[in-house]
There are 2 protein chains.
Amino acid sequence: MEPVWWDGDAVGYIDQRRLPGSLVRARAATVDEVVEAIRTLAVRGAPAIGVFAAYGVAVARRTAGGDDEFRAAVARIGAARPTAVNLRWAMDRLSGVEAGAELAEALAIHEEQRDVDRRIAEHGATLLPEGAAVMTYCNTGPLATGAGGTALGVIIEAARLGKKPRAIVPETRPLLQGARLTTFELAGAGVPATLIADGAVAWTMRTLGVRCAIVGADRIARNGDTANKIGTLAVAIAAAHHRIPFYVAAPRSTIDFSLSSGERIPIEERDPDEVRRFGGVATAPDGTPVYNPAFDVTPSCLIAGIVTEFGVCRPPYDESIGDLETRPSKLLAELAKR
Amino acid sequence: MEPVWWDGDAVGYIDQRRLPGSLVRARAATVDEVVEAIRTLAVRGAPAIGVFAAYGVAVARRTAGGDDEFRAAVARIGAARPTAVNLRWAMDRLSGVEAGAELAEALAIHEEQRDVDRRIAEHGATLLPEGAAVMTYCNTGPLATGAGGTALGVIIEAARLGKKPRAIVPETRPLLQGARLTTFELAGAGVPATLIADGAVAWTMRTLGVRCAIVGADRIARNGDTANKIGTLAVAIAAAHHRIPFYVAAPRSTIDFSLSSGERIPIEERDPDEVRRFGGVATAPDGTPVYNPAFDVTPSCLIAGIVTEFGVCRPPYDESIGDLETRPSKLLAELAKR
């Protein structure tokens, strides 16, 4: 089950809003449909957005009347969501290729994502203790990357290696990516998973003997500060309180080398009705004011390690992440040798 | 709007499961109905359960065929929920009165609750800074006590005194007491309130400049360890991380002087479908394993003060709470003088 694929003349995707109730395959054949799928979280997860948007640029090239219209379309796709840096990274990369080569580049990005996810899973799996309860957050599986997944890919790889992890999955309000998507993907992978309310994160670490936490990322600053789904900071703080290591797993493309710290990461605020309603049912009085940030920023002092396709970065992150900035050419050279 | 009242020959109550959509008044005229209302959280909040259960004993006296049936009924009411110590406290107190005097004792307990809540509100309001964002959790207003409320009563009293608090209200999954009840009560009291997802607790403390947190309690041990709605521990840990004082407000009847610490507080586990479903809609695949504790225990080292009707207990709690054990007779003497 691939969550994103090229469909001949459109980009195909699994509509994640309908999971786990229905497995609906859809296609975006116009730029409007590409932008709408990203904006409404039909496609979500920072790396999956990058892959999907790259295919979206191929759609734009096929449907645009000319270069001006094409450039405007690419700008619209790049602005569909503000926090995930992978989206901007994919747009930058696509902008550098010659007209007509967009699809080939998108297919290359997707193939690289598969390779990157495999490497993240292998490096990350070494961090998980045998037979441990491992807390994750939100959804970071194949649905989130369009390939093998990041943090969830690590847990699935640890299971494949016989380490018998048991996943603890907070539901992740308001949009319930943990309840809807992570439990669905873990069941498919045969990994035992226990669903909890988000408020139960701290207590569960203690009562179910959680040994480590591993989450994904939407943007990582040079110093290791990490933007991820709202609620991640609470997991990190509770892990520190209980002296449990808290890890981030994300591709290098998630790192924004232009940001010295997390202070300046833009945080998307979403529709109040995501919190005020639930499946069409009002959960609070009409008009109740809501604060609904989609992400929070976990300071790097709470992060024990950041797993990328190049290995595990450890503090001090200014050094270990700085070192990563020079690495991609090395990986490409290595890949070329295989 | 009283949430619990004596209705001639039954105990009347507002069905809190239907709020805020519908304001439904119901009555429990049999012991079965009393137990069911407590068990299903139609009546909830530790002090309100105590008041309601006291009236329930009056119902039991009227409907029981004899003393054996009456005692069995009282035992069933006392076992309707395991964590709230007020329920046990009310049953103990009712057991000590002579046959036929149960209703008078229940009315006295209710009147005392009103007085206790007034005093908690007055003592607690001194702790809140002027114009501050104050985080609370779950619901601790009049609906939760059958009188003025505990933590929410403190915030409402601070507003009445012109301190202009702004309440930050986590929705409190799985049963959404924050979204459904606290926002409803604060709107009624004219106190500005902002609803957030539970996962946003830590990030909101930082971004909205929260200055303190105040919550209720379902049971407090002698050393100050406090059982309260699942998610409270996460608020306390996040408050400690952000150096924000975290307070508990609860009547003395919430303190279990027989417990030296929170280790032995029984924690109710509730139906997995509370987490797996939402308003009748599945949010996770069928059969997903769930861990659904109704409460957690916040260690006293994270608590800056415990507000009771006698004032604010400060650490070390072994001393300040120990001192409370001898106090009730003093309060009763004082009340008698008025």
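The paragraphs below set out a description of the structure included in this document. In this text the structure is predicted, and so the values were computed from the model without any measurement.

### With respect to the overall build of chain A
Of the regular secondary structure elements, chain A holds 13 helices and 16 strands. Since a compact globule built from 338 residues should have a radius of gyration of about 20 Å, the 19 Å found for chain A is in line with a globular shape. Here the C-alpha coordinates of chain A stretch approximately 60 × 55 × 40 Å along the principal axes. The proportion of buried residues among the 338 residues of chain A is 61%. Counted over contacts in chain A with a minimum sequence separation of 6, partners at least 24 positions apart contribute 74%. Entry remark: accessible area of chain A is about 12,100 Å², with carbon and sulfur atoms responsible for 50%. Of the side chains in chain A, 38 bear a positive and 41 a negative charge, and the two mean positions are spaced by 5 Å.

### With respect to the pattern of salt bridges
Residue and element names in this part refer to chain B. The final tally for this structure, using the stated rule, is 48 salt bridges over all chains. The salt bridge partner of Arg160 is Glu157, with a shortest N-O separation of 3.0 Å. Separated by three residues within a single helix, Arg160 and Glu157 lie in helix H7 (residues 151-160), roughly one turn from each other. Overall, Glu157 belongs to the buried group, its relative accessible area being 13%.

### As for the interface of chain B and chain A
Residue-level contacts link 49 residues of chain B with 49 residues of chain A. Surface buried jointly by chain B and chain A totals about 3,900 Å² across both partners, of which 71% is contributed by carbon and sulfur atoms. Among the residues chain B hides against chain A, the three largest losses belong to B:Leu195, B:Trp203 and B:Tyr291. Together they make up 19% of the total. Our count for the chain B to chain A interface comes out at four salt bridges. Put simply, B:Arg206 and A:Glu263 hold a salt bridge, and the shortest N to O gap is 3.0 Å.

### Some details on the pairing of strand E15 (residues 305-308) of chain A
Residue and element names in this part refer to chain A. Neither face of E15 is open: one carries Gly305 and Val307, the other Ile306 and Thr308, and all of them are buried. Direction of pairing for strand E10 (residues 246-249) relative to E15: parallel, over a ladder of three bridges. Bridge pairing in E15 places Val248 opposite Ile306. Two elements, E15 and strand E16 (residues 311-313), share three bridges in a ladder whose sense is antiparallel. The residue of E16 that forms the bridge with Thr308 is Gly311. In sequence, E15 turns back onto E16 through a hairpin of two residues.

### Here we look at the packing of aromatic side chains
The tally for this structure, following the rule as stated, stands at five aromatic pairs over all chains. The interplanar angle of 25° and the centroid separation of 5.8 Å between the aromatic rings of A:Trp6 and A:Tyr55 together place this pair among those described as stacked. Taken together, the residues A:Trp6 in strand E1 (residues 4-6) and A:Tyr55 in helix H2 (residues 46-63) connect sequence positions 49 residues apart. Taking the relative accessible area as the measure of exposure, A:Trp6 reaches 18% and is therefore buried. Against the face of B:Phe295 rests B:Lys229, its NZ or CZ located 4.8 Å from the ring centre.

### Considering the packing of H2(A) against helix H5 (residues 102-125) of chain A
All names here are of chain A. Interhelical geometry of H2 versus H5 gives an angle of 170° and a closest axis separation of 8 Å. Overall, the two elements H2 and H5 adopt an arrangement that is roughly antiparallel. Relative to H5, the crossing made by H2 is left-handed. Residues Pro47, Val51, Ala54, Tyr55, Val57, Ala58, Arg61 and Arg62 of H2 lie in contact with H5, whose contacting residues are Glu102, Leu103, Ala106, Leu107, Ile109, His110 and Gln113. Looking at the contact of H2 with H5, its residues break down into 10 nonpolar, two polar and three charged.

### A closer look at the pairing of strand E9 (residues 226-229) of chain A
Residue and element names in this part refer to chain A. Bridge analysis of strand E8 (residues 219-221) against E9 gives two bridges, and the strand direction is antiparallel. Bridging across to E9, Arg219 finds its partner in Ala227. The loop that links E8 with its antiparallel partner E9 comprises four residues; one of these, Gly224, has a positive phi angle of about 95°. Bridge count for E9 against strand E14 (residues 295-298) is four bridges, and the pairing is antiparallel.

### Remarks on helix H2 (residues 46-63) of chain B
Compared with an ideal rise of 1.5 Å per residue, which puts 18 residues at 26 Å, H2(B) spans 25 Å between its outermost C-alpha atoms and is within 8% of the ideal. Along H2(B), 15 of the 18 residues are buried, which leaves the element largely enclosed by surrounding structure.

### Points about the environment of B:Arg114
All names here are of chain B. Counting through the fold element by element, Arg114 comes out in helix H5 (residues 102-125). The spacing of Arg114 and Ala158 is 44 residues in sequence and 17 Å in space, taken between C-alpha atoms. Those residues within four positions of Arg114 in sequence are excluded, and the remaining contacts are Glu2 and Ala147.

### Regarding unusual backbone geometry
In the segment running from A:Arg173 into A:Pro174, the intervening peptide bond is cis, with an omega of 5°. Locating A:Pro174 in the fold gives a position in the loop between strand E5 (166-170) and helix H8 (177-189). Put simply, B:Leu19 and B:Pro20 share a cis peptide bond, and its omega is 0°. Considering the arrangement of structural elements, one finds B:Pro20 in the loop between strand E2 (11-14) and strand E3 (25-28). With a phi angle near 55°, A:Arg243 is a residue other than glycine that sits in the positive phi range. For A:Arg243, the position within the fold is in the loop between helix H10 (232-241) and E10. What makes A:Arg243 exposed here is its relative accessible area of 77%. A positive phi is found at B:Lys164, a non-glycine position, where the angle reads about 50°. Examined against the element boundaries, B:Lys164 turns out to sit in the loop between H7 and strand E5 (166-170). Given a relative accessible area of 64%, B:Lys164 falls into the exposed group.

### Structural notes on the sheet that holds E1(A)
The strands that make up a sheet are held in pairs by hydrogen bonds between backbone atoms, and each pair lies either parallel or antiparallel. Residue and element names in this part refer to chain A. One open sheet accounts for three strands, arranged E1-E2-E3; its pairing is antiparallel. At either end of the open sheet lies a strand with only one pairing partner, and these are E1 and strand E3 (25-28). Neighbour-to-neighbour, the strand axes of the sheet open up by a mean angle of 25°, direction not taken into account. Lying over the sheet, H2 contacts E1, strand E2 (11-14) and E3, oriented at roughly 30° with respect to E1.

Definitions and cut-offs
Residues numbered from 1 in each chain as written. Chains lettered and ligands numbered in written order. Predicted model: local features only at pLDDT ≥ 70, side-chain atom pairs only at ≥ 80, totals over all residues. Heavy atoms only, no water. Helix = DSSP H or I, 4+ residues; strand = E, 2+ residues; numbered from the N terminus. Rg over C-alpha atoms; globule rule 2.2 N^0.38 Å. Buried < 20%, exposed > 50% of the residue type's maximum accessible area, 1.4 Å probe, protein only. Contact = heavy atoms within 4.5 Å. Areas by Shrake-Rupley, 256 points an atom, 1.4 Å probe, with all protein chains shown as cover. Lys, Arg positive; Asp, Glu negative; His and termini not counted. Charge placed at Lys NZ, Arg CZ, Asp CG, Glu CD. Salt bridge = Lys/Arg side-chain N within 4 Å of Asp/Glu carboxyl O. Buried area = accessible area lost by both parts, 1.4 Å probe. Pairing = 2+ DSSP bridges. Phe/Tyr/Trp six-rings, centres within 6.5 Å; stacked < 30°, edge-to-face > 60°. Lys NZ or Arg CZ within 6 Å of the ring centre and 35° of its normal. Axes fitted to C-alpha atoms, helices over the stretch in contact; angles between N-to-C directions. Parallel < 35°, antiparallel > 145°, perpendicular 65-115°, else oblique. Left-handed = near helix turned anticlockwise from the far one by under 90°. Nonpolar A, V, L, I, M, F, W, Y, C, P; charged D, E, K, R; others polar. Expected span 1.5 Å × (residues − 1).

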